[in-house]
Amino acid sequence: PNKSFVLKLVALAAAACCVSIVSIVSVTAAPASDLSRDFHSPPDAVKPSGYWWWLNGNVDKEAITRDMEQFRAKGMGAVLLVSSGQWGGRMPAKGPAFLSGEWRELYQHALREADRVGIKVDVNIAPGWNMGGPWVTPDKACRWFLQSETTVTGPQKFSGKLPLPDPKGGYDSPPMLGVKSYINLPIEKVDYRDNAVVAFRTPKGLPKGDRPARRADLPAKSNRLDANCFIPSKKVMSQTLGTWKSLPDDHPINPKDVIDLTSKIKPDGSLHWDVPAGDWTVVRTGHRMTGAMLSVPMPDQGGLENDYLDRAGVELMFEKVGKILIADAGPLVGKSLRAFVSDSFECGYPNWTDNMLKHFKHYRGYDPTPYLPVFRGWIVGSAEISDRFLHDYRKTVADCFADEHYGRFTELCHENGLLTRCESAGPSWSGTMCMDGLKNLGRVDFPQGEFWRKYFVQDNQNMVGKQTSSAAHIYGKRTVSAEAFTSMNHHWTASPEILKPLLDRAYCEGMNNCVFHTVTCQRPVDGKPGYEYGAGTHFNPNVTWWSQTAGPWVSYINRCQAMLQSGLFVADVLYYNGDSAPNLIDPSRTGAGLGKGYDFDFCNAEVLLTRLSVKDGRLVLPDGMSYRVLVLPDSKRMPVEVIEKIEALVAAGATVIGPRPESDPGLKNHPACDATVRKIAGKLWGNAGGKMGVIDGKTPREVLLADGLGPDIEVAGQPDAYIDFIHRATPEADYYFLANRNERAEQATVTFRQTGRHPELWNPVDGSQRDLSQFAIVDGRTSVPLEFEAHGSMFIVFRKPVTRKSEGQNFAALATTLEVKGPWSVRFDKEWFYPIDGLTGKEAQGVFEFKTL
């Protein structure tokens, strides 16, 4: 660490000692609680983990043992084992192949050593970072749908081969990873397979050989438009939310007149059909592999990514990899071997699977076959009906992604005594993969996002921070994990001074389980700094500050996470994020219409329908989370089942805010579904503002203030002071993590929505706890003067009743105790010192002299 950070640590330690001496308020201490106990001695379950890269299999038993002992000594609780090739930097020597006998012996040694020292191991189930490998056959790989069409005139007995689709199929904007080099392969190399063939009378009025003009947003609505991983979630969703209106040149096709010819197509693509009189258009629908390959595979172990939309893909992975890892772990399954991992989804944007039509019928309740021409730009039924079909199609892709992949993955792991850890909702390298982010995260035991040192930040917030924490809260998960401090081109340049503000921001967003990226396994024989993965802030025994600062740094994390994994998150507002797909969460720190001082979660339709109820006027979830109001999206469309649930919640006493819907977005039971929506909306919004109505035209902040519920915290300080926060509660205590987001010291009076209890300051840097002397309780709120270091943080805890009035000061002034004068020198350990060309004498040996300024 740099000199300034060392001095800050010294000052903090001195300040803590000084304040503990001059404190003049004595409050009777309550018996040691679990919260206080865990703050002082964090349990293993709350401790951080890290991506333990085995690069090219270039590890040995000595390195494994060294790492396990060092990680445990510094306070870590787990590792996330990833076997992969190298990405960037020098290539380490090629070690044993993944799942070879030698590799399996190292894997077993790692589990035994982890068990010996008390470390948990979560294992990525592939020789790269996604889910694939050489055993994935093309039929079990990621797929895109393709279509071709031809025209025939009857009456005639048609017998011939239908034209094969264009293998590019409109996929003209591939993501930067995965499929870029495969999009231009000829059709015979992409494993094309048929799904359906339909025919319809060519609409009259079209010039021969012509067709209706495609709508500009068809690629996005049919999940064939991609973007890079930095695209904002609002833009991703907005590309699909616009509604189609009828145009004069639509030439709609009656879905009842679409003929299913699938049974007449032969394996070679030939069709034999007695064509009725008239002009007919025949549409052939099939699918190809996208060509997405396993990312950063181990040498000679690359292969296709598996199918993410059908369980056969993940079942193949479990058969080829999972069963071997489980068998080798033996009695350590569920002990040191805790979980299987699927890292961030970065495999392009698959949109199809061989069983897609079957899945569509299951999820949407009707046969999609007559509507398949819509993918080609034809209007079936009407523009509105075609748009509804595309909505249902995107929803089906998202449902398959959640259930067939992540849901089935978790089922298989649970059947074998393991848990799951998955970055199942991005940020994906494919910025527009059609997913319900909350549902994907809710399907796994350890939902995980990620945050970087520089990228994937919007409006000073991490792109997927609020999405990941909301998913954990609404699905009843204790931990909110995050791949932490990922970085490009900033190798060995960070210390806790740089990393702490990034972590504190993530904590305020709800993250409470840090997963260092990276803690790469290094063989001691390879020297220092060793080989490293190409993207990461490196944290292992080869970094220069490991022996001095790694332990206190992890101790800070452990104390924070002991608090942030206890109790329940406290929020006032639950935002329903709608029923569309893709369905992603905006990273804003303040909710729409809510403003500063309040906190909130997002929910999806699944949680609203299956987990949300009302108790004593609050919206509650089975795991204890509760909210004061439910806010609806700014949309005129709402599924029938959702508005029926809204009606039930309002009848039970819930406060609901939002605009009046006019129709269902889907095609099931259309047009009766729209009539049902309008009927219920007429009752709920017709009584707006009443006890049985939905509030429209007011912001959530206005509603809460009118109900006497002021902000959870308010900060009075410099105009641009930014004290971020998160509030959690146990049955015996409410506590706030406060983080100064500015790189300067701050003095501010923070007012909390708390009364009758004495404020305490728990310092996660040094583990100290003390009562605060100066505070004021007015109108049911407690105001506390606080002082923050630059990027400083603290917990303010309310758990003990007030027994005497406020007096004294909360922070003592620091006094100079020692002035360093004269020359001084720094001597670098020869093991770490790299001679610099041109240096002579002492400098060449790593000894530098300085003079105090």
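Everything that follows concerns the structure shown earlier in this document.
Residues numbered from 1 in each chain as written. Predicted model: local features only at pLDDT ≥ 70, side-chain atom pairs only at ≥ 80, totals over all residues. Heavy atoms only, no water.

Looking now at the pairing of strand S6 (residues 193–201). In this structure, S6 lies alongside strand S8 (residues 270–289), joined through eight bridges in antiparallel fashion. Considered in S8, the bridge of Asp 194 is made with Gly 286. (Pairing = 2+ DSSP bridges. Helix = DSSP H or I, 4+ residues; strand = E, 2+ residues; numbered from the N terminus.)

Bringing helix H6 (residues 233–241) into the picture now. Side chains three or four residues apart in an α-helix point the same way, a direct result of the helix having 3.6 residues per turn. Where H6 is concerned, the buried positions are Ser 233, Val 236, Met 237 and Thr 240. Down the axis of H6, the buried side of the element spans an arc of 85 degrees, and every buried residue falls inside it. The inward-facing, buried residues of H6 abut helix H5 (218–221) and helix H9 (383–415). (Buried < 20%, exposed > 50% of the residue type's maximum accessible area, 1.4 Å probe, protein only. Arc of directions from axis to C-beta. Contact = heavy atoms within 4.5 Å.)

Below, the discussion takes up the sheet that holds strand S15 (residues 481–486). Taken in spatial order, the eight strands line up as S1-S2-S3-S10-S11-S12-S15-S16 and close into a barrel, and their pairing is parallel. Strand-to-strand twist in this sheet, taken as the mean axis angle between neighbours without regard to direction, amounts to 30 degrees. Examined bridge by bridge, strand S12 (residues 446–452) and S15 share five bridges and lie parallel to one another. Among the inter-strand pairings, Phe 451 is bridged to a residue of S15, identified as Ala 484. Here helix H12 (residues 496–509) sits on the sheet and contacts S12, S15 and strand S16 (513–516); the angle it forms with S12, its principal contact strand, is near 140 degrees. Contacts between helix H13 (residues 546–564) and the sheet are confined to S15 and S16, with S16 contributing the most and set at about 150 degrees to the helix. (Axes fitted to C-alpha atoms, helices over the stretch in contact; angles between N-to-C directions.)

Before going further, it helps to examine the nonpolar core. One finds Trp 52, Phe 340 and Ile 646 to be the most contacted residues of the largest nonpolar core, which totals 188 residues. Considering every element that reaches this core, the biggest residue donor is H9, with 13 residues. For Phe 340, the contacting residues outside a window of four places in its chain are Val 123, Ile 125, Phe 318, Gly 322, Leu 325, Ile 326, Phe 409, Cys 413, Leu 418, Leu 419, Thr 420 and Arg 421. Listed in part, the 17 residues of the second largest apolar core include Ile 713, Phe 725, Val 784 and Met 794. (Core = buried A, V, L, I, M, F, W, Y, C linked by side-chain atoms within 4.5 Å.)

Further remarks concern the sheet that holds S6. The strand order across the open sheet built from four strands is S5-S8-S6-S7, with neighbouring strands paired in antiparallel fashion. Either end of the sheet is taken by a strand with one partner, and the two such strands are strand S5 (143–161) and strand S7 (259–260). Note that S6 and S7 share two bridges and pair antiparallel. The residue of S7 that forms the bridge with Val 198 is Asp 260.

Counted according to the given criterion, the structure contains 51 salt bridges. With a shortest N-O distance of 3.1 Å, Arg 376 and Glu 149 are connected by a salt bridge. Highlighted residues: Arg 376 in the loop between helix H8 (356–364) and H9 and Glu 149 in strand S5, separated in sequence by 227 residues. One connected set of salt bridges, linked through shared partners, spans Lys 466, Arg 589, Asp 599, Asp 724 and Arg 741. (Salt bridge = Lys/Arg side-chain N within 4 Å of Asp/Glu carboxyl O.)

Buried residues dominate helix H11 (residues 465–474), accounting for ten of its ten residues. Within the span of H11, buried status applies to Gly 465, Lys 466, Gln 467, Thr 468, Ser 469, Ser 470, Ala 471, Ala 472, His 473 and Ile 474. One or two residues past the end of H11 sits Gly 476, with phi positive at roughly 75 degrees.

We now examine the side chain of His 359. Secondary-structure assignment places His 359 in helix H8. Within the structure, His 359 has its side chain in polar contact with the side chain of Asp 310 (distance 2.8 Å). When residues no more than four places from it in sequence are discounted, the contact partners of His 359 are Leu 309, Asp 310, Thr 353, Thr 396, Cys 400 and Glu 404. (Polar contact = N/O pair within 3.5 Å; in protein donor to acceptor, adjacent residues only side chain to side chain.)

This part covers a nonpolar patch on the surface. A surface patch of nonpolar side chains, amounting to about 320 Å² of accessible area, comprises Leu 818, Val 820 and Trp 824. By the secondary structure assignment, Trp 824 is in strand S34 (residues 823–827). (Patch = residues over 30% accessible without salt bridge, like charges linked within 9 Å, V, L, I, M, F, W, Y side chains within 5 Å. Areas by Shrake-Rupley, 256 points an atom, 1.4 Å probe, with all protein chains shown as cover.)

The values reported here are purely geometric and, on their own, carry no functional implication.
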